[in-house]
Amino acid sequence: MIKNYFKIAWRNLLRNKSYAAINIAGLAIGIAACLLIFLIVHFETSFDDFHSKKDQIYRVITVNSGQDGVTKASGTPIPLAEGLRVDFPELKEVAEIFRNDRSHYSVQNADGSKKKFKEDDAYYAEPQFYSIFSFGWLAGDKKTALAEPNTIVLSQDEANKFFGDWHNAMGKIVRYENKTDLKVTGILQNSPANTDFPIKLVVSCATMREKSSDFYGNLKDWVSTFSENQCYIVLPKNISVNQFSGDLKAMAKRRKPAPYNTMSVFGLQPLADMHYNTAIDIFTGHAFSKQLLNVISLIGFFLLVIACVNFINLATAQAVNRSKEVGIRKVLGSNRKQLALQFIAETFIITLFAVVLALGIAQLAVPFLNQLLEIRLSNAFLADPLLWLFLTGTIVLVTLLSGLYPAMVLSGFNPIAALKNRIAAGRTRGISLRQTLVVFQFFIAQALVIGTLVVVYQMQYFHNKSLGFNRDAIINVPFPGDSISRLKLNTLRDELLQQPGVREVSYSSASPSDISNWDSDFKYDNAPQQTKFNAYLKWADAGYFKLYGLKFIAGGPYKPNDTVTGWVVNQTLLARLGVTNPEKAIGKYIKLWDDPHKNRQIVGVIKDFNVRSLKDAIPPVLMGSWTDVYQKLNIKIAPQNIQQTLAGIEKTWNDTFPDGIYEFQFLDKKIADFYKSEDRLSQLYEIFAGIAIFISCLGLYGLISFMVVQRIKEVGIRKTLGASVGNIVYLFSKEFTLLIIIAFAISAPVAWFSMNKWFLQNYTYRIAIGPDIFLLAIFASVSIAWLTVGYKAIRAALANPVISLRSE
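A brief report on the enclosed structure follows. All figures in this text were calculated on a predicted structure; none of them were measured in a lab. (Residues numbered from 1 in each chain as written. Predicted model: local features only at pLDDT ≥ 70, side-chain atom pairs only at ≥ 80, totals over all residues. Heavy atoms only, no water.)

**Thoughts on the sheet that holds strand β14 (residues 474–478)**
In step 1: Taken together, the 4 strands give an open sheet; going across it, the order is β15-β24-β14-β25, and neighbouring strands pair in antiparallel fashion. Of all strands in the sheet, those with a lone pairing partner are β15 (502–508) and β25 (665–666), marking the two edges.
In step 2: Across the face of the sheet, helix α18 (residues 489–497) comes into contact with β15 and β24 (632–637) while running at roughly 160° to β15.
In step 3: The strands touched by helix α22 (residues 642–656) within the sheet are β14, β15, β24 and β25, with β24 carrying the most contacts at an inclination of about 150°. (Pairing = 2+ DSSP bridges. Helix = DSSP H or I, 4+ residues; strand = E, 2+ residues; numbered from the N terminus. Contact = heavy atoms within 4.5 Å. Axes fitted to C-alpha atoms, helices over the stretch in contact; angles between N-to-C directions.)

See below:
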């Protein structure tokens, strides 16, 4: 019997090829979109779940309380790891890891030449790190490889890059920052795609302690925190998170001096939370928070549902054509259950074809999605058992959602009415359901369109808004940080300024807007206590203000010097201090770190500028000169002959630092990178909205097909009585226009509330959702719908009325 159901279903589909093709296409696109979203969600929720101790691994974080409220940061004081071992001997596994991006390495070739490399995913780490995390090793002992100074561990790819073949890398020498020789003591397996530790190479923490006086000096500093320095522990099973969190707060009170022991304490962050909670770690750039994963999962479900709605619309439109078939089957003895199973079998076959096509679409789309979102989905996703479970569930769900209602409608036809061709399926009750389904489709589609427009408008606002400084035709060029290289900076600046394409040159620790920032509290106007808020510290030479066009509202720049001769502050810092007149701040003293060499007068007040992205409010800013911490050149170039100018700058830099690695970045590109995640998501939303509109238009096509079939004689009579083509098109279009307007009336407030609540509230600087967004959304929806409806309506209007009326 079942075999017979499928055989007849297959014949019916072959007999109605266009009907089957439209259904398969609509379902395939909806299922493919849902499948790709499933792959994204599955990938994002799998991060670092391969570690054997994943449920016990925690990151120790810093929890700060002050005038800005409670903030959490992944950075910790340098002595924290050792302090935890001393204070809590019950912790058997504690490890420190220090991020070391933009570090430089070189290896000697057999012919005496050098290969030089700049690495971003580089770290210092203690050997205990690899007893906590389950990363694979190809060579070396994970317990001892990083125990001694001057040792380095390379990933397989890095070893191949450095030495040609990782098998030959053990025991070889890698020169670090052109001053320290490191011995290769281990080879790591390449980090999997789903980890927040994409480690390429690791230098032992013992190397940093031995070679860096700055690091060694911080071994007793429990106040300063470094965003690059992070600490991980394995919490024993017999100790609760709440209990140990209380112990960490007590530790902070013991170890930190007053008043910092109450303003800044330690807390715990589980490993499972790290990938999503980007507010804690400034180095994470993940596009997907837990909230966003829930949102796109819901979008995927809605896309699947509206694809099923299309099927229902097309199936019921086709029902009238099959009424005689139903009548004959009933006269010959078929009952309603058998007919319903017959039509569900047809739905199953269509769904099966749609799933196969969806898998093909997904295979083709995965590389595009990887490039768009900068993720690493595998093309071998068909080998994942969870995927097949998802597909099985999808087939069952789609078959029931799409096939149940049409099966009940078709199997419920009265055989006498069916044989006399007097079936008007759903003329009363059915048409209202189909209208409801079309409203639902366009509610989802228009909500997505409005949401996408909001994201696009917000991104345009980000990219076009003035940041309070000049960012055009400026490049940032890092330089070696050793003391010998710093002695060459003045000579390098003079040589660069001799080039015709170079307008201005300045040195600083960071550009005005930068992901890397340094903040501290301070004493103002000889006050005995530190401020209860931190200021962002920006170290720069005196030419920095002119180069970036920073505007003074009182005073002026400090004098050129290698050390602090005076301070420049921004408006927000004065506002936090309660100073309303900038002129009155000139001459007041600011003392940093209780250092007498950094107790200087305020010499200038500048207008506020954005120090990070427009997601964040402008913080207090304190600026001074300090050559020892400068890290980059800021070069303003002429807009003409840019390539020639860049080549000249590179040559001069290489002549000055022959052992260094030259690199540069345009400032406007760096700022655009702040919004890379949002830009990627904006494109993803555009795709979702386009899919929703396309599928909804297929639904409209199904409904107009139903109406044309039902009203073909009415159209013939109207034409016979003199109705024009325009009258006929209007007859069919007015109802759909009304349905779309109703859908818009529902979707507009929902989209407005959702985007304000979920999206815009995340940004300090944001757009107001204006009427232009809603007008554009409804105009686009109605226009596309008219094009869809117009095609069928015009065909009906141009049909010969004699053909439709001759049976009468």
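From this point on, the discussion continues.
**Side note on the packing of helix α3 (residues 80–87) against helix α8 (residues 241–255)**
In step 1: The contact between α3 and α8 brings their axes to 12 Å, and the two run at 110°. In terms of orientation, α3 lies roughly perpendicular with respect to α8. Within the contact between the two elements, α3 uses L80, G83, L84, V86 and D87 and α8 uses L248, M251, R254 and R255.
In step 2: Class assignment of the residues belonging to the contact of α3 with α8 gives a composition of 5 nonpolar, 1 polar and 3 charged. (Parallel < 35°, antiparallel > 145°, perpendicular 65-115°, else oblique. Nonpolar A, V, L, I, M, F, W, Y, C, P; charged D, E, K, R; others polar.)

**Notes on the pairing of β24**
In step 1: Most of β24 sits inside the fold, with 6 of its 6 residues counted as buried.
In step 2: Burial of β24 is two-sided: the residues K632, N634 and K636 facing one way and the residues L633, I635 and I637 facing the other way are all buried.
In step 3: The pairing of β14 with β24 spans 5 bridges and is classified as antiparallel. In the sheet register, I474 faces β24, and the bridge partner there is K636.
In step 4: As defined by bridge partners, β15 adjoins β24 across 6 bridges and the pair is classed as antiparallel. (Buried < 20%, exposed > 50% of the residue type's maximum accessible area, 1.4 Å probe, protein only.)

**Things to note about the pattern of salt bridges**
In step 1: Here the structure, examined in full by the defined rule, presents 25 salt bridges.
In step 2: Its salt-bridge partner being K53, residue E93 comes within 2.5 Å of it at the nearest N-O pair. Linking E93 in the loop between α3 and β3 (94–99) with K53 in the loop between α2 (17–44) and β1 (57–66), this pair joins segments that are 40 residues apart in sequence.
In step 3: Under the relative-accessibility criterion, E93 is labelled buried at 16%.
In step 4: A residue is classified by how much of its surface remains accessible, and K53, at 23% relative accessible area, is partly exposed. (Salt bridge = Lys/Arg side-chain N within 4 Å of Asp/Glu carboxyl O.)

**Re a nonpolar patch on the surface**
In step 1: Residues L298, F301, L397 and L401 make up a contiguous nonpolar surface patch of about 330 Å² in total accessible area.
In step 2: Contributing elements (two or more residues each) for the nonpolar patch: α11 (290–319) and α14 (385–411).
In step 3: Relative to the elements of secondary structure, F301 occurs in helix α11. (Patch = residues over 30% accessible without salt bridge, like charges linked within 9 Å, V, L, I, M, F, W, Y side chains within 5 Å. Areas by Shrake-Rupley, 256 points an atom, 1.4 Å probe, with all protein chains shown as cover.)

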